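So the chains spell out like this:
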Amino acid sequence: MLTNEQVRQYHDEGYTLVTGLFEQEEIERFRQAFDELEEIVSPVERGKPRLQVEKDLDRGRARLRMIEPLIDLSPTFKELTEDSRIVSMAEDIFCEGAYLFEDKLNYKPARVGSGFPLHQDRSYWMKYSRNLLSFFIHIDDAPLETGPMKLIPGTQKQDILKTVGEGHYITNEATERDQMLTFESKAGDVLIFHCLTAHESDPNQSDQDRRAIVLSYNPKSDGNQYRYNEELLGTYH
């Protein structure tokens, strides 16, 4: 459950940070589930359903960038999407019930984990609810060299910002980059942000992974908008 101040911060600044939400025992269980999912989808190869693969090899080995969706493959992560600590925070912000919209794992592997230029999730989700929010659940510590999450507060009030060409990446002139916040978070911390909040991350230049679970929700009044189709959900079973 969020405090009144955290709810106010979310609506005013487009984000709020909840520290230490998950205990070490839970984090270890999530890490094990990461490894189990990697086994399910192996071998890691470009073009396979659900997967994004890092463009650079790590010591000759292909590394996962992302898996989505995942809850039909992992009881651990399905349970997490229904965890009352997560769902109640979405409901605190929406002032109503919440539907799961998207579920994915970010692997951000050591040495080859790629960055993600400044963008707004809303630019990818234009046909869905304007009120979507995401929970970025840290599974590893995220010191600066691992490429932690960064965001610009208040950008959720500006609608879609100007992008480079027809793409999704925001131009340097479109917002005040000097207002950027960097979240060198700890495992178990959860960053909640609006789908219009501009955010980015740098490459992982460290020797440690910087894994995260990303769960997105929309208000129930906008209907069940879970975005994955049956064909994709039928893979790896």
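The rules behind these values
Residues numbered from 1 in each chain as written. Predicted model: local features only at pLDDT ≥ 70, side-chain atom pairs only at ≥ 80, totals over all residues. Heavy atoms only, no water. Pairing = 2+ DSSP bridges. Helix = DSSP H or I, 4+ residues; strand = E, 2+ residues; numbered from the N terminus. Contact = heavy atoms within 4.5 Å. Polar contact = N/O pair within 3.5 Å; in protein donor to acceptor, adjacent residues only side chain to side chain. Core = buried A, V, L, I, M, F, W, Y, C linked by side-chain atoms within 4.5 Å. Buried < 20%, exposed > 50% of the residue type's maximum accessible area, 1.4 Å probe, protein only. Phe/Tyr/Trp six-rings, centres within 6.5 Å; stacked < 30°, edge-to-face > 60°. Lys NZ or Arg CZ within 6 Å of the ring centre and 35° of its normal.

**Some remarks on the sheet that holds strand β5 (residues 116–119)**
- One open sheet accounts for 4 strands, arranged β5-β10-β7-β8; its pairing is antiparallel. Two strands lie at the open edges of the sheet, namely β5 and β8 (181–182), each paired on one side alone.
- In terms of strand pairing, β5 meets strand β10 (residues 199–201) through 2 bridges, oriented antiparallel. Counterpart to Phe 116 in the pairing with β10 is Ser 201.

**A short note on the environment of Arg 227**
- Mapped onto the elements of the fold, Arg 227 is located in the loop between β11 (212–219) and α5 (230–233).
- For the pair formed by Arg 227 and Ile 213, sequence separation is 14 residues and the distance between their alpha carbons is 17 Å.
- Aside from chain neighbours lying at most four places away, what touches Arg 227 is Glu 68, Phe 101, Glu 102, Trp 125 and Tyr 128.
- A distance of 3.1 Å separates the side chain of Arg 227 from the side chain of Glu 68, its partner in a polar contact.

**Points about the nonpolar core**
- One finds Phe 77, Phe 135, Ile 137, Ile 192, Ile 213 and Tyr 217 to be the most contacted residues of the largest nonpolar core, which totals 41 residues.
- Setting aside residues up to four positions removed in sequence, Ile 192 forms contacts with Leu 2, Tyr 10, Gly 14, Tyr 15, Thr 16, Val 18, Met 89, Ile 93, Leu 133, Ser 134 and Phe 135.
- Grouped together as the second largest cluster of nonpolar side chains are 9 residues, Phe 136, Leu 151, Phe 193 and Ala 212 included.

**Here we look at the packing of aromatic side chains**
- Summed over the entire model, instances satisfying the criterion amount to 10 aromatic pairs.
- Geometrically, the ring pair formed by Tyr 15 and Phe 183 is edge-to-face, given 5.5 Å between the ring centres and 70° between the ring planes. Here Tyr 15 is found in strand β1 (residues 15–18), whereas its partner Phe 183 is found in the loop between β8 and β9 (190–194), with 168 residues between them in sequence. For the residue pair Tyr 15 and Phe 183, the accessibility class agrees, reading buried in each case.
- When the centroid spacing of 5.4 Å and the interplanar angle of 80° are considered together, the rings of Phe 22 and Phe 30 count as edge-to-face.
- Among the residues examined, Phe 30 registers a relative accessible area of 2% and is labelled buried.
- Put simply, the rings of Phe 22, Phe 30, Phe 34, Phe 77 and Tyr 107 touch in pairs and so form one group of aromatic residues.
- Directly above the ring of Phe 34 sits Arg 211, whose terminal nitrogen or CZ lies 5.8 Å from the centroid.
- Directly above the ring of Tyr 99 sits Lys 220, whose terminal nitrogen or CZ lies 5.3 Å from the centroid.

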